[in-house]
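Here's the letter readout for the chains.
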Amino acid sequence: MKKKVVLVQDNAEILNIMDQVLDEAGFDVVGSLTTEPIEKVEEIDPDVVIVDDHIKGKAKGSQVIKELKSDPDTEDIPAVLTSTSSSIKEIAKECKADDYIEKPFGIDEMIDVVKRNI
């Protein structure tokens, strides 16, 4: 059975590229430009969640991850923060993300981060 990835990004082009790469790597991807899949995360039951820090909507990606990690029902879902910010490592640590991907990223690097967190 394919491992499931929830992918929330702020840019349609990046979302499509990441979705395609992860799909080709054998993952089942639920991609979105909004936090809608995060609101249904228990129903979707992903193996990992990847969230951009600059998503459109009510909260930053780091806040979304912080909420996931502070909820006993979702705290065990691995969460990866993505951003172009040079301080992404610190932001990821603050929100209790399991890992981070700094943009721009290499395709192999992104796949390695996902596999490492599943």
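Residues numbered from 1 in each chain as written. Predicted model: local features only at pLDDT ≥ 70, side-chain atom pairs only at ≥ 80, totals over all residues. Heavy atoms only, no water.

*Asks:* Tell me about the overall build of the protein, residues and numbers included.
*Replies:* When its secondary structure is counted, the protein shows six helices and five strands. Reading the helices (α) and strands (β) of the protein from amino to carboxyl end gives β-α-β-α-α-β-α-β-α-β-α. For 118 residues, the compact-globule formula gives about 13 Å, and the C-alpha radius of gyration of the protein, at 13 Å, lands near that figure. Reported as C-alpha extents along the three principal axes, the dimensions of the protein are approximately 35 × 30 × 25 Å. When burial is assessed residue by residue, the protein has 47% of its 118 residues classed as buried. Restricting the contact set of the protein to residue pairs at least 6 apart, pairs at least 24 apart contribute 55%. When the accessible surface of the protein is totalled, it reaches about 6,500 Å², and 46% of it is carbon and sulfur. Taking the average place of the 15 positive charges on the side chains of the protein and the average place of its 27 negative ones, the gap between the two points comes to 3 Å. (Helix = DSSP H or I, 4+ residues; strand = E, 2+ residues; numbered from the N terminus. Rg over C-alpha atoms; globule rule 2.2 N^0.38 Å. Buried < 20%, exposed > 50% of the residue type's maximum accessible area, 1.4 Å probe, protein only. Contact = heavy atoms within 4.5 Å. Areas by Shrake-Rupley, 256 points an atom, 1.4 Å probe, with all protein chains shown as cover. Lys, Arg positive; Asp, Glu negative; His and termini not counted. Charge placed at Lys NZ, Arg CZ, Asp CG, Glu CD.)

*Asks:* Quick one: what's the story with helix α4 (residues 61-70), residue by residue and with numbers?
*Replies:* For α4, every residue scored as buried is listed here: G61, S62, V64, I65, L68 and K69. All buried residues of α4 project into a common sector of 155 degrees when viewed along the axis, lining one side. Residues of α4 that are buried make contact with α2 (36-39), α3 (41-44), β3 (48-52), β4 (79-83) and α5 (88-94). (Arc of directions from axis to C-beta.)

*Asks:* Got a sec to walk through the environment of P104? Specific residues and values, please.
*Replies:* Structurally, the position occupied by P104 is in the loop between β5 (99-102) and α6 (107-117). Classification of P104 by relative accessible area gives exposed; the value is 79%. Sequence separation between P104 and I14 is 90 residues; the distance between their C-alpha atoms is 9.9 Å.

*Asks:* Tell me about the pairing of β3, and name the residues and values.
*Replies:* Counting buried positions along β3 gives five out of five residues, so the element sits mostly inside the fold. Where burial is concerned, the two faces of β3 agree: the one with V48, I50 and D52 and the one with V49 and V51 are both buried. Two elements, β3 and β4, share four bridges in a ladder whose sense is parallel. When the sheet's bridge partners are listed, D52 is paired in β4 with T82. (Pairing = 2+ DSSP bridges.)

*Asks:* Tell me what's going on with the sheet that holds β4, and back it up with residues and numbers.
*Replies:* Strand pairs in the sheet, formed through backbone hydrogen bonds, run parallel or antiparallel to each other. If you trace the five strands from one edge of the open sheet to the other, you get β2-β1-β3-β4-β5, paired in parallel fashion. Taken across any chain shown, the strands that pair with only one partner, and hence form the sheet edges, are β2 (28-32) and β5. When strand polarity is set aside, the average angle formed by the axes of neighbouring strands in this sheet is 20 degrees. Direction of pairing for strand β1 (residues 4-8) relative to β2: parallel, over a ladder of five bridges. Directly across from V6, in β2, lies its bridge partner V30. Sitting on the sheet, α4 is in contact with β3 and β4, with an inclination near 170 degrees to β4. Against the sheet, α6 makes contact with β1, β3, β4 and β5, and its axis sits at roughly 175 degrees relative to β5, the strand it touches most. (Axes fitted to C-alpha atoms, helices over the stretch in contact; angles between N-to-C directions.)

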